[in-house]
Amino acid sequence: MRAWLLLLPLAACAAEPASPTPAAWIGATELDLVTALGVPSRTYEAEGRRFLAYDETGSPAPAVVPSFGFGLGSASGGWGSGTAVGTGIGLSFGPYGGYGPCTSSFEIANGFVVAASRQPPGCR
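Because the structure is a prediction, the values reported are computed rather than measured. (Residues numbered from 1 in each chain as written. Predicted model: local features only at pLDDT ≥ 70, side-chain atom pairs only at ≥ 80, totals over all residues. Heavy atoms only, no water.)

Describing the packing of aromatic side chains
A ring pair, where both rings are aromatic, is described by two values, the distance of the centres and the angle of the planes.
Part 1 of the argument: Scanning the model with the defined rule gives two aromatic pairs in all.
Part 2 of the argument: Each ring, one from Tyr54 and one from Phe106, has its centre 5.9 Å from the other, and the planes form 80°; the classification is edge-to-face. Of this pair, Tyr54 sits in strand S2 (residues 49-56) while Phe106 sits in strand S5 (residues 102-109), and the two are 52 residues apart along the sequence. One exposure class covers both Tyr54 and Phe106, and it is buried. (Phe/Tyr/Trp six-rings, centres within 6.5 Å; stacked < 30°, edge-to-face > 60°. Helix = DSSP H or I, 4+ residues; strand = E, 2+ residues; numbered from the N terminus. Buried < 20%, exposed > 50% of the residue type's maximum accessible area, 1.4 Å probe, protein only.)

So, the confidence of the model for the protein
Part 1 of the argument: Residues with a pLDDT of 70 or more make up 61% of the protein, whose mean pLDDT is 75.
Part 2 of the argument: Summarising per-element confidence for the protein, the mean pLDDT is lowest in helix H1 (residues 2-13) (49) and highest in helix H2 (residues 30-37) (94).
Part 3 of the argument: This stretch, residues 10-18, has a pLDDT under 50; its non-local contacts, to residues over four places away or in other chains, come to four contacts. (pLDDT = per-residue confidence, 0-100. Contact = heavy atoms within 4.5 Å.)

As for the nonpolar core
Part 1 of the argument: The biggest cluster of nonpolar side chains holds eight residues, and these are Trp25, Ala28, Leu33, Leu52, Tyr54, Phe106, Ile108 and Val113.
Part 2 of the argument: Of all elements in the fold, only S2 and S5 reach the threshold of two or more residues within this core.
Part 3 of the argument: When neighbours within four sequence positions are excluded, Ala28 is seen to be in contact with Gly111, Phe112 and Val113. (Core = buried A, V, L, I, M, F, W, Y, C linked by side-chain atoms within 4.5 Å.)

So, the sheet that holds S5
Part 1 of the argument: Strand order in this open sheet of four strands is S1-S2-S5-S6, and the pairing throughout is antiparallel. Edge strands, defined here as strands with exactly one partner in the open sheet, are strand S1 (42-46) and strand S6 (112-119). Each strand of the sheet is rotated relative to its neighbour by a mean of 20°, with strand direction disregarded.
Part 2 of the argument: Judged from the five bridges that link them, S1 and S2 form a sheet pairing that is antiparallel. Bridging across to S2, Thr43 finds its partner in Leu52.
Part 3 of the argument: Relative to the sheet, H2 contacts S2, S5 and S6, its axis offset from that of S2 by approximately 15°. (Pairing = 2+ DSSP bridges. Axes fitted to C-alpha atoms, helices over the stretch in contact; angles between N-to-C directions.)

Right under this line is the structure:
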């Protein structure tokens, strides 16, 4: 049981940190943006402005979520009654914490990020 307790902090660290919001890039240069995020999935140019889109496919693998629980119970029957307290540690396997596809878009004007958004709403 002690081994499971030692794994809990490691499992908590395994969660992927949320990426900075696209708005955090406003004011940065296009070069800094591409250097940090890589080559965009798509680009579009109109009226001297440039738009860069980065597609995120989401979480393809199921997450492993640690859990801890406790309980209190009582029972009575033909032979008497009793009360018990219990604890438990477990791991859940499934699509917990996953997210779907998202697109981060950046508008570039004169070499700088001037606007940014992430679609659809609710993307992290």
